[in-house]
Amino acid sequence: MSPDEYCQQKAAQSGSSFYYSFLFLPAERRKAITALYAFCREVDDAVDESSDDMLARTKLAWWRKELQAMLANAPTHPVTKALLPHMATYQLQSEHLFAIIDGMEMDLNQTRYLDFTALQKYCWHAAGVVGILSASIFGITNPQTRQFAEKLGLAFQMTNIIRDVGEDARKGRIYLPVNELQEFKVTAADILNAKHSPQFEALMQFQYERAQKLYDEALSLLPAEDRRAQRTSLIMSSIYRTLLVEIQRDHFQVLNQRISLTPIRKLWLAWKTYVRG
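Residues numbered from 1 in each chain as written. Predicted model: local features only at pLDDT ≥ 70, side-chain atom pairs only at ≥ 80, totals over all residues. Heavy atoms only, no water.

So, about the nonpolar core. Core analysis: the biggest nonpolar cluster contains 91 residues, and Phe-39, Leu-97, Ile-100, Leu-119, Met-158, Leu-176 and Ile-191 have the highest contact counts within it. Apart from residues lying up to four places away in sequence, Ile-191 is in contact with Val-165, Ala-169, Ile-174, Leu-176, Leu-181, Val-186, Phe-200 and Leu-255. (Core = buried A, V, L, I, M, F, W, Y, C linked by side-chain atoms within 4.5 Å. Buried < 20%, exposed > 50% of the residue type's maximum accessible area, 1.4 Å probe, protein only. Contact = heavy atoms within 4.5 Å.)

Below you can see the structure in the form of structure tokens.
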């Protein structure tokens, strides 16, 4: 299996909404974004699939060394071998790749966030830099497009946080800001014990409205001259916003289940957004 085939398999197996948005890209850009996505999956899995924190830290330390090896033109892993040729072509910044690992490490050091400002720092590492890297691959002529990509990454991450409240709680993590839990009279124990209540729905409605505002703010930042190049970002936005609406329609029943869109619906949204340009 070639490095590109390895990354393709990693992306396809995930069933992620992002995979469907890649389908409409030209071959070389698709290879680049698939390699980046595979890297994100690898470092995320290093934390989520490890049986203890020490093992996860060891894996992340290995990935830091592997990135250094890649930058020295000596990668050993299929993902870094696939990613290396695209670093210069799309002007990908290595510090952004290290920042993604930093974000994964934050999950080992912190399971609560006092307020949205603190949460935003985590979201930048987990998704903002991924947005910037992705936008670079899709094509940027106006520097403002990076601001669009960073803000869109934050919107995606907030959507993930809303969708995964129950799943994260089962791992002992609560990303919803502590001060907002207090404001809506929802306790950490309520989340950890999967207690759905009117107070929880009100809290989640607040998160939903924030996420929708972030999408609006992101899209307002996209310069007209880069809109066509960033169609893949717009496809991802369409899929994620549709998911967000579905979660709200289901009254935020996210504590005991994972709400998702069917593959055919994701493909339909991707095609519809692509055709609109």
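Past the structure itself, the notes keep going.
Right, let's talk about the packing of aromatic side chains for a bit. Going through the model one piece at a time under the given rule, you end up with 12 aromatic pairs. Aromatic pair Tyr-113 and Tyr-122: ring centres 5.6 Å apart, planes at 40 degrees, arrangement tilted. Their ring planes at 25 degrees and their centres at 5.6 Å tell us that Trp-268 and Trp-271 sit as a pair that is stacked. Placement of the pair is Trp-268 and Trp-271 together in helix α14 (residues 263-276), with a separation of 3 residues, close to one helical turn. Residue class for Trp-268 comes out partly exposed when judged on its relative accessible area of 46%. Here the aromatic cluster, defined as three or more aromatic residues joined through ring pairs, consists of Phe-39, Trp-62 and Trp-63. The lysine or arginine in question, Arg-210, covers the ring of Phe-116, its NZ or CZ lying 3.8 Å from the ring centre. The ring of Tyr-274 has Arg-231 sitting right over it, with the charged end atom 4.0 Å from the ring centre. (Phe/Tyr/Trp six-rings, centres within 6.5 Å; stacked < 30°, edge-to-face > 60°. Helix = DSSP H or I, 4+ residues; strand = E, 2+ residues; numbered from the N terminus. Lys NZ or Arg CZ within 6 Å of the ring centre and 35° of its normal.)

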